[in-house]
Amino acid sequence: MRKSSFVIAGLVSAASIALVGCDVQKTQEGNVSVPQYEVSKAKEGDVTLPKYDVDAPEVNVTTEKKEVEVPKVGVYTEKETLSIPKVDVTPAQDRDDKK
């Protein structure tokens, strides 16, 4: 479980770093023509919303002190060797193999 968390975290960080290193240039202008529609009313409408009488309950929130047993847990650390992904990113403007 721990290993997969590190791998997922590494992939997410690599993807975010890769997006920052992109070099984007516009190569063509775009054109969009949106269709136009005409709408006409066929008949008059009549809307009457229903009415409700609601008697809501009365709610009182208070606190009181009680003694309960709470478990105490010791926290400790251990050294462990893990495989952690290493990502090197070269931004597009710094690459040698430019097209």
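Residue indices begin from 1 for each chain and proceed along its sequence in written order. This being a predicted model, a pLDDT of at least 70 is required before a residue's local features are given, and a value of 80 or more before pairs of side-chain atoms are given or counted; all residues contribute to the totals for chains, interfaces and linings. With hydrogens and water excluded, all non-hydrogen atoms of the structure serve as input to the side-chain values.

Chemist: Any chance you could break down the overall build of the protein for me, citing the residues and the numbers?
Modeler: Each helix is a run of DSSP H or I of at least 4 residues and each strand a run of E of at least 2, with the numbering of both proceeding from the N terminus. Helix and strand content of the protein: one helix and zero strands. Counting all 99 residues of the protein, 4% fall into the buried class. Methods summary: accessible areas were calculated by the Shrake-Rupley approach with a probe of 1.4 Å, and residue burial reflects only the protein chains presented. Counting only carbon and sulfur atoms, one obtains 53% of the accessible surface of the protein, whose full area is about 11500 Å². Throughout, exposure labels follow a simple rule: accessible area from a 1.4 Å probe, protein chains only, divided by the maximum for the residue type, with under 20% read as buried, over 50% as exposed, and the rest as partly exposed.

Chemist: Outline the pattern of salt bridges, supporting the account with residue identities and numerical values.
Modeler: Between side chains of opposite charge, a pair can form as their charged atoms come close. Salt bridge criterion: a side-chain nitrogen from Lys or Arg within 4 Å of a carboxyl oxygen from Asp or Glu. In the structure shown here, the tally under the stated rule is three salt bridges. Of the charged contacts, one joins Glu44 and Lys41 as a salt bridge, the two residues approaching to 3.0 Å between their closest N and O atoms. Across the salt bridge formed by Glu64 and Lys66, the nearest N and O atoms sit 3.8 Å from each other. Of the two residues, Glu64 and Lys66, both sit in the exposed class.

Chemist: Please provide a residue-by-residue account of the environment of Phe6, values included.
Modeler: Along the chain, Phe6 falls in helix H1 (residues 2-20). For Phe6 and Ser83, which are 77 residues apart along the polypeptide, the C-alpha to C-alpha distance reads 8.3 Å.

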